[in-house]
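Spelled out, the chains give:
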Amino acid sequence: MKLLDQDFDGTLAAVAAIGYREVETVGAFDRDPAQVADALARHGLTTPSQHLMPGNLYRDFSLYNRGGLSWDEIVRRFAVAFDFALVDRFIAEAIERATRLGQRYITWQTNWQKQYGLAELKQHITAFNRAGALCRSAGLQFAFHNHNLEFAVIDGMPGYDRMVIETDPDLVKLELDFMWMTAAGADPVAYLERFPGRYRMTHLKDRTADGRIAIPGTGVENFPRLIAASEKAGIEHAFVEFDQPVDPLNEITAAWKYLVSLKGMRA
C-alpha cells in the first residue's frame, strides 16, 4: 500500500513489468474506480476481485501502515466499518466499484477475534448470505477470505467449517489463504476436496517454521502440492500476497520467479 500511495501509476508499471497480469484491489485504493481501471488497462493488468474497504477504511489502513495507528486501533476501526447493520450499504459501495473496475468478485476478509463465539459466528453467516444475495442481484459473486483464528472450535466444530456449511454455496464462494489455514493447523488440500466448487481464488504466501510470513518457496508451505490441488479444484485466480513487506517489489519479483517455475502455474 505504501508504494501505491506514493506512486500509484509507477507501482502498477513495476508490477506489470515483473510479469503479473491480474491483481486484486483493496477497495479502489481510495481513488476514483474509473481512474484505477484506466491505470490498470494502461499497464496490461486486469482485476477480477476486490477486498472490501467500507467507507474510509482504506485511509485508516494507510495511516496504520505509516505508523499513525496502533494495531488495536485499526482492528477497532475495522470492526466499526464492517458493522453488520451496514452490510447493505457497504456491499452497494463495493458493487459500484466492481462494476466500474470490471470485477466479478467482491471478497470479505474476515477479522475474527479470539473472544468471538457462537453469536458472532452466526452474525457472520447471516451477513455473508445477505452479501451474497446482493452481489448475485447485481450479476456479481461474493466470497470470503480466511485467516487463522476462525478455525478455533466453537460449539463442537471449527468456526470456519460452520461458516462454509451454513452459507449458501451458490451465493457465497471462498478465497483460500493457504498460509493462514496451515498456520491454524488445517490442511488446505483437505478443504479443497471436502467442499468442491466453493473455492474460486487463493492467496499465495509462505511462512517460516516460527510463523513469520515469507516469500513463496522460502518457507514451510508445500506449494507444488497446494497448487496441484488448486488446479484440480478449479481455482480461477491466484494472488501473491505479502502481509508484512520490507522490500515489496523485490519480494514479489522473487515470488513470481518461484511460482512460474512450478509446472502449470500462471499469474
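Our structure is the block above this text.
So, here's what we can say about the structure. It should be emphasised that the depicted structure is a prediction, and the values quoted were computed from it without experimental measurement.

Here we come to the overall build of the protein chain. Across its full length, the protein chain carries 12 helices and 11 strands. Compactness check: the protein chain gives a C-alpha radius of gyration of 18 Å against a globular reference of 18 Å for 267 residues, within 12% of the reference. A principal-axis box enclosing the C-alpha atoms of the protein chain has dimensions of 50 × 40 × 40 Å. Buried positions account for 51% of the 267 residues belonging to the protein chain. Once local pairs closer than 6 in sequence are excluded, the contacts in the protein chain between residues at least 24 apart make up 75%.

Another aspect to go through is the sheet that holds strand β2 (residues 46-51). Here we have seven strands laid out as an open sheet, ordered β1-β2-β3-β4-β7-β8-β11, and parallel in their pairing. Each of the sheet's edge strands pairs with one partner strand only, and the pair in question is β1 (22-26) and β11 (237-240). Each adjacent strand pair in this sheet contributes to an overall mean axis angle of 30°, direction not counted. In the sheet, β2 pairs with strand β3 (residues 105-109) via three bridges, with the strands oriented parallel. In the sheet register, His51 faces β3, and the bridge partner there is Thr107. Across the sheet, helix α8 (residues 159-166) lies against β4 (141-145), β7 (172-177) and β8 (199-204), angled at about 170° from β4, the strand it touches most.

What follows covers the packing of aromatic side chains. Summed over all chains, the structure comprises 21 aromatic pairs. Ring geometry for Trp108 and Phe142: centres 6.3 Å apart, planes at 90°, overall edge-to-face. With Trp108 in strand β3 and Phe142 in strand β4, the pair connects residues that are 34 residues apart, well separated along the chain. Like Trp108, the residue Phe142 is buried in the burial classification. Both rings, one in Phe128 and one in Phe144, keep their centres 4.6 Å apart while their planes meet at 15°; by these two values the pair is stacked.

What follows concerns the pairing of β11. Residues His237 and Phe239 of β11 are buried on one face, while the alternating residues Ala238 and Val240, pointing to the opposite face, are not. Two strands pair when backbone bridges link them, and β8 and β11 are joined in this way by four bridges, in the parallel orientation. Bridge pairing links Met201 to His237 in β11.

We now examine the pattern of salt bridges. As enumerated under the stated definition, the model contains 18 salt bridges in all. In this structure, Glu241 and Lys205 form a salt bridge, with 2.5 Å as the shortest nitrogen-oxygen distance. Of this pair, Glu241 sits in the loop between β11 and α12 (248-260) while Lys205 sits in the loop between β8 and β9 (206-207), and the two are 36 residues apart along the sequence. Since its relative accessible area comes to 22%, Glu241 is described here as partly exposed. Linked through salt bridges whose partners overlap, the residues forming this network are Asp60, Glu73, Arg76 and Arg77.

Right, let's get into the nonpolar core. Core analysis: the largest hydrophobic core is formed by 79 residues, its most contacted members being Ile91, Ile106, Trp108, Phe144, Tyr160 and Tyr199. Residue contacts for Trp108: discarding those within four places in its chain leaves Leu52, Phe82, Phe84, Val87, Phe90, Ala127, Phe128, Phe142, Ala143, Phe144 and His145.

Counting through the fold element by element, Ile74 comes out in helix α5 (residues 71-81). When the C-alpha atoms of Ile74 and His124 are compared, they prove to be 19 Å apart, with 50 residues separating the residues in sequence. Setting aside residues up to four positions removed in sequence, Ile74 forms contacts with Asp60, Phe61, Tyr64 and Leu69.

The rules behind these values
Residues numbered from 1 in each chain as written. Predicted model: local features only at pLDDT ≥ 70, side-chain atom pairs only at ≥ 80, totals over all residues. Heavy atoms only, no water. Helix = DSSP H or I, 4+ residues; strand = E, 2+ residues; numbered from the N terminus. Rg over C-alpha atoms; globule rule 2.2 N^0.38 Å. Buried < 20%, exposed > 50% of the residue type's maximum accessible area, 1.4 Å probe, protein only. Contact = heavy atoms within 4.5 Å. Pairing = 2+ DSSP bridges. Axes fitted to C-alpha atoms, helices over the stretch in contact; angles between N-to-C directions. Phe/Tyr/Trp six-rings, centres within 6.5 Å; stacked < 30°, edge-to-face > 60°. Salt bridge = Lys/Arg side-chain N within 4 Å of Asp/Glu carboxyl O. Core = buried A, V, L, I, M, F, W, Y, C linked by side-chain atoms within 4.5 Å.

Such coordinate-based values are descriptive only and should not be taken to indicate function.
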